[in-house]
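# Coordinate analysis (summary)
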Amino acid sequence: MSVSAARLRLLDGPPSDAPRFVGRSPAVRSLLDEADRLARTDLPLLLTGESGTGKEVLARRLHAVGARAGRAFVSENVAAIPETLLEAEFFGAVRGAYTGAERDRPGLFVRADGGTLLLDEIGDLAPAAQAKLLRVLEEGRVRPVGASVERTVDVRIVCATHRDLPAMVRSGAFREDLYYRLRGATLRIPALRERPDDVTDLTASFLADLNRRHGTRKVVRRELLDVLRRHAWPGNVRELRSEVTRLFHLSDGDVLDVNDLDLEPPVSSSVTAD
């Protein structure tokens, strides 16, 4: 028996064009209820959870349903910024401030002024940069590299990490004062193995998107859904999206087949769909 993407019911999003965080499990409903309440505040937020759980999707939803929805949403993975460029990336730089600075460039805080700034992988931020970030959060002003004057900024900060920040604070790897400054409220996104019933909705969402982009009407067999729901998904939603995309392109006809699965590690017998 096959199930079309159109027939699989998906979670209704909030009454806006906010990104949809797909899922109907109790864990996701509770998460979204709390997230929507916090979206109406200006509290700095810390999003925690394993890699691939959807932290950026949730951050974009928080922005879209909050008071800053009409302003900029800026996202940056701080782990991807070379340490020598962190200050310029965060606060900007004026022309001639360093070799290669041929024009003024706004930093993340100026680009996000009035809106929301998502700092992903905040646990990887270098100690020196942690101190400078704390100063901006406390004073609300930035000084571009090479500039002589500061600029006031109004930014809602959302940080995300898969690391254990309290443990990093205890070990001295992350500043305690910055940690408490960032966690006005904390939202933990559950791993996909903790909400296997959401696999059906997520699979339907990914398949519907692929069908739209490719002009197809592919469906998924019920047997395949049962196997997907039993998998432990160490890579979480990101891994599921990759597998559904692979199955979509491997399918000869209009049906995604369980025989084309290629899951690593193997399906876990300890994870049930109940």
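Rules behind the numbers
- Residues numbered from 1 in each chain as written.
- Predicted model: local features only at pLDDT ≥ 70, side-chain atom pairs only at ≥ 80, totals over all residues.
- Heavy atoms only, no water.
- Helix = DSSP H or I, 4+ residues; strand = E, 2+ residues; numbered from the N terminus.
- Buried < 20%, exposed > 50% of the residue type's maximum accessible area, 1.4 Å probe, protein only.
- 1 Å grid on protein atoms, 1.4 Å probe; cavity = no way out; pocket = protein on both sides within 12 Å on 5 of 7 lines; lining within 4 Å.
- Points joined across faces, edges and corners; volume = space filled by probe spheres on them.
- Nonpolar A, V, L, I, M, F, W, Y, C, P; charged D, E, K, R; others polar.
- Core = buried A, V, L, I, M, F, W, Y, C linked by side-chain atoms within 4.5 Å.
- Contact = heavy atoms within 4.5 Å.
- Salt bridge = Lys/Arg side-chain N within 4 Å of Asp/Glu carboxyl O.
- pLDDT = per-residue confidence, 0-100.
- Pairing = 2+ DSSP bridges.
- Axes fitted to C-alpha atoms, helices over the stretch in contact; angles between N-to-C directions.
- Phe/Tyr/Trp six-rings, centres within 6.5 Å; stacked < 30°, edge-to-face > 60°.
- Lys NZ or Arg CZ within 6 Å of the ring centre and 35° of its normal.

Let us look at the environment of Arg135. Relative to the assigned elements, Arg135 resides in helix H5 (residues 127–139). By relative accessible area, Arg135 is classed as partly exposed at 36%. The spacing of Arg135 and Leu178 is 43 residues in sequence and 9.2 Å in space, taken between C-alpha atoms.

Here we come to the layout of surface pockets. Its volume calculated, the largest pocket comes out at about 640 Å³. Surrounding the largest pocket, 25 residues form its lining, Gly54, Val57, Phe206, Val237 and Arg241 being those nearest its centre. Listing elements by their share of the lining of the largest pocket, those giving two or more residues are helix H2 (55–64), helix H8 (198–214) and helix H10 (236–250). In terms of residue count, H8 provides more of the lining of the largest pocket than any other element does, 6 residues in total. Its residues placed into classes, the lining of the largest pocket shows 9 nonpolar, 6 polar and 10 charged. Estimated volume of the second largest pocket: approximately 220 Å³. Lining the second largest pocket are 13 residues; nearest its centre among them are Val136, Leu137, Val155, Ile157 and Arg181. Those elements that place two or more of their residues in the lining of the second largest pocket are H5, strand S7 (156–161) and helix H7 (176–182). Residues belonging to the lining of the second largest pocket are distributed by class as follows: 8 nonpolar, 1 polar and 4 charged.

Below, the discussion takes up the nonpolar core. Of all hydrophobic cores here, the largest spans 33 residues; its most connected members are Phe90, Phe109, Leu117, Leu119, Ile122, Leu133 and Phe174. Put simply, the parts of the chain that give this core at least two residues each are helix H3 (86–91), helix H4 (108–111), strand S4 (116–120), H5, S7, helix H6 (165–171) and H7. Beyond its immediate chain neighbours, meaning those up to four positions away, Leu119 contacts Glu76, Val78, Phe90, Leu108, Leu133, Val158, Cys159 and Ala160.

On to the pattern of salt bridges, then. Considering all chains together, one arrives at 22 salt bridges under this definition. In this structure, the salt-bridge partner of Arg60 is Glu56, at a minimum N-O distance of 3.0 Å. Within this pair, Arg60 and its partner Glu56 are both found in helix H2, separated by 4 residues, close to a single helical turn. We classify Arg60 as partly exposed; its relative accessible area is 35%.

Considering every residue of the chain, the mean pLDDT works out to 87; 86% of them sit at 70 or more. With pLDDT under 50 throughout, residues 4–16 is counted as low confidence; its partners more than four residues away or in other chains account for 28 contacts. Segment residues 266–274: pLDDT under 50, and 16 contacts once partners within four positions in sequence are set aside and those in other chains are kept.

Further remarks concern the sheet that holds strand S2 (residues 45–48). The parallel open sheet is built from 5 strands, whose spatial order is S3-S4-S7-S2-S8. Of all strands in the sheet, those with a lone pairing partner are strand S3 (73–77) and strand S8 (185–188), marking the two edges. On average, adjacent strands in this sheet sit at an angle of 20° to one another, irrespective of strand direction. Docked against the sheet, H2 engages S2, S3, S4, S7 and S8, running at close to 150° with respect to S2.

A few words on H2. Among the residues of H2, those classed as buried are Lys55, Leu58, Ala59, Arg61, Leu62 and His63. Close packing links the buried residues of H2 with helix H1 (26–39), S2, S3, S4, S7 and S8.

The full count for this structure, using the stated rule, is 4 aromatic pairs. Their ring planes at 55° and their centres at 6.3 Å tell us that Phe90 and Phe109 sit as a pair that is tilted. Separated by 19 residues along the polypeptide, Phe90 in helix H3 and Phe109 in helix H4 bring together distant segments of the chain. Comparing Phe90 with Phe109, the two get one shared label, buried. Grouped by ring-pair contacts, the aromatic residues Phe90, Phe91 and Phe109 constitute a single cluster. The ring of Phe248 is capped by Lys218, whose NZ or CZ atom sits 4.3 Å from the centre of that ring.

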